[in-house]
Amino acid sequence: MAAIDGLPPLRDVITRHGLDAKKALGQNFLLDLNLTQKIARTAGPLEDVTVIEVGPGPGGLTRAILSLGAKKVIAIERDSRCLPALAEISDFYPGRLKVIEGDALKTPFEDLVTEGPVKIIANLPYNVGTQLLVNWLLPEAWPPFYQSMTLMFQREVGLRIVADADDDHYGRLGVLCGWRTNARMAFDVSPQAFSPPPKVTSSVVHLEPIENPIPCSAADLEKVTMAAFGQRRKMLRQSVKSIGGEALLARAEIDPKRRAETLSVEEFCRLANCL
Ligand code: SAM
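This one's a predicted model, so the numbers in the text were calculated from it and none came from an experiment.

So, how was this worked out
- Residues numbered from 1 in each chain as written.
- Predicted model: local features only at pLDDT ≥ 70, side-chain atom pairs only at ≥ 80, totals over all residues.
- Heavy atoms only, no water.
- Near = heavy atom within 4 Å.
- Polar contact = N/O pair within 3.5 Å; in protein donor to acceptor, adjacent residues only side chain to side chain.
- Areas by Shrake-Rupley, 256 points an atom, 1.4 Å probe, with all protein chains shown as cover.
- Helix = DSSP H or I, 4+ residues; strand = E, 2+ residues; numbered from the N terminus.
- Nonpolar A, V, L, I, M, F, W, Y, C, P; charged D, E, K, R; others polar.
- Contact = heavy atoms within 4.5 Å.
- Buried < 20%, exposed > 50% of the residue type's maximum accessible area, 1.4 Å probe, protein only.
- Disulfide = S-S within 2.5 Å.
- Core = buried A, V, L, I, M, F, W, Y, C linked by side-chain atoms within 4.5 Å.
- Domains from an automatic or database assignment.

K.L.:
Quick question: what am I supposed to make of the site of the ligand here?
P.N.:
Around the ligand sit 20 residues, and of these L30, G55, E77, D103 and N123 come closest. Between the ligand and G55, the relevant distance is 2.8 Å, taken from a nitrogen atom to a main-chain nitrogen or oxygen of the residue. D103 places a polar side-chain atom, nitrogen or oxygen, 2.8 Å from a nitrogen atom of the ligand. Relative to its free-state accessible area of 600 Å², the ligand is covered by the protein chains to the extent of 99%. At the level of secondary structure, the elements contributing two or more residues to the shell around the ligand comprise β1 (29–30) and β3 (72–77). A per-class count over the shell around the ligand returns 8 nonpolar, 7 polar and 5 charged.

Laid out in structure tokens, this is it:
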């Protein structure tokens, strides 16, 4: 395995700092720095870019991002045991890595960055990954503070993110992502790439914000997707009964006999705008 920097191998870093993986923190560490570089490269050129990384852990992805020339990395890590390992990376790349100890779900990301452009790159902890993505997708102001998101999820979640109408994985996440971003599946990562190996395959997904999405209230879109997909096998006249039923569907000119999974993102926006 070729070295990407002059720092020690990740396996040594993990042993030396006693970073036994904690399941409760979704800790599955990537040890192959060529693979972490492949993830970082998916985000495109990084020179002059400030990267936000959630959950750097022992720093495998952080090192890849820095080695590819990112101007700055701001990394939010909840596990204080990782901080000494991350401090060694910070010493190796003076002035380019800022580590914040804290919970990403409570972090005001827009306020962290003073210079752009910003890209988000992360191997997300599975227990909070989807919630973080939804938070980044639904700010009031749009376009958002970031230029792109390159994120690793369980493959199942990745499929839901990129799903279109009539796809088995299409649901609330596919509608929200399809409304405000262009999302694509980049590549899969096998469980063996991690320590410890998770039970399922992971996928790297790349999302870029659409500058002018269909005008629609995020809260109303959430309401209609939650109702419609809450009973996804039922006809819409049944599943959206609690938010307006047949009258709502008539206003939006949508056949009440259709099912949620057949509606395009544009039709969901129309439904939300008729609420
Ligand atoms: N980036 C490293 C890698 O690729 O090897 C570690 C990825 S591991 C899947 C997820 C990381 O997120 C862990 O380091 C974990 O401690 C951290 N983490 C878990 N929950 C977090 C939260 N709410 N906020 C910030 N970091 C969190």
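K.L.:
How do you make sense of the environment of L19 when you look at a structure like this?
P.N.:
Assignment of secondary structure puts L19 in the loop between α1 (10–16) and β1. Once the C-alpha coordinates of L19 and N273 are considered, the two residues, 254 residues apart in sequence, prove to be 49 Å apart. Excluding anything up to four places from it in sequence, L19 contacts I14, F29, P58, R81, C82 and A85.

K.L.:
Is there a simple way to explain helix α12 (residues 265–273) in this structure?
P.N.:
Each turn of an α-helix holds 3.6 residues, which means side chains three or four residues apart point in the same direction. What α12 keeps buried is the set V265, E267, F268, C269, L271 and A272. Packed against the buried residues of α12 are α8 (172–180), α9 (218–230) and α11 (245–251).

K.L.:
Is there a simple way to think about the state of the cysteines in this case?
P.N.:
The term disulfide refers to a covalent linkage connecting the sulfur atoms of a pair of cysteines. Applying the stated criterion to the full structure yields 0 disulfides. Unpaired in this structure, C274 has its nearest cysteine sulfur neighbour in C216, at a distance of 10 Å.

K.L.:
Looking at this structure, I do not really get the nonpolar core. What am I missing?
P.N.:
Here is a general trend for soluble globular proteins: nonpolar side chains tend to be buried in one another's company. Counting 55 residues, the largest nonpolar core has L133, W136, L151, L221 and F268 as its most contacted members. Two domains share this core, each providing at least three of its residues, namely domain 1 (10–209) and domain 2 (218–274). Here L133 is in contact with M149, L151, F153, I161, L173, C177 and L207, once residues within four sequence places are set aside. In this structure, L30, L46, L97 and M152 belong to the second largest nonpolar core, which totals 37 residues.

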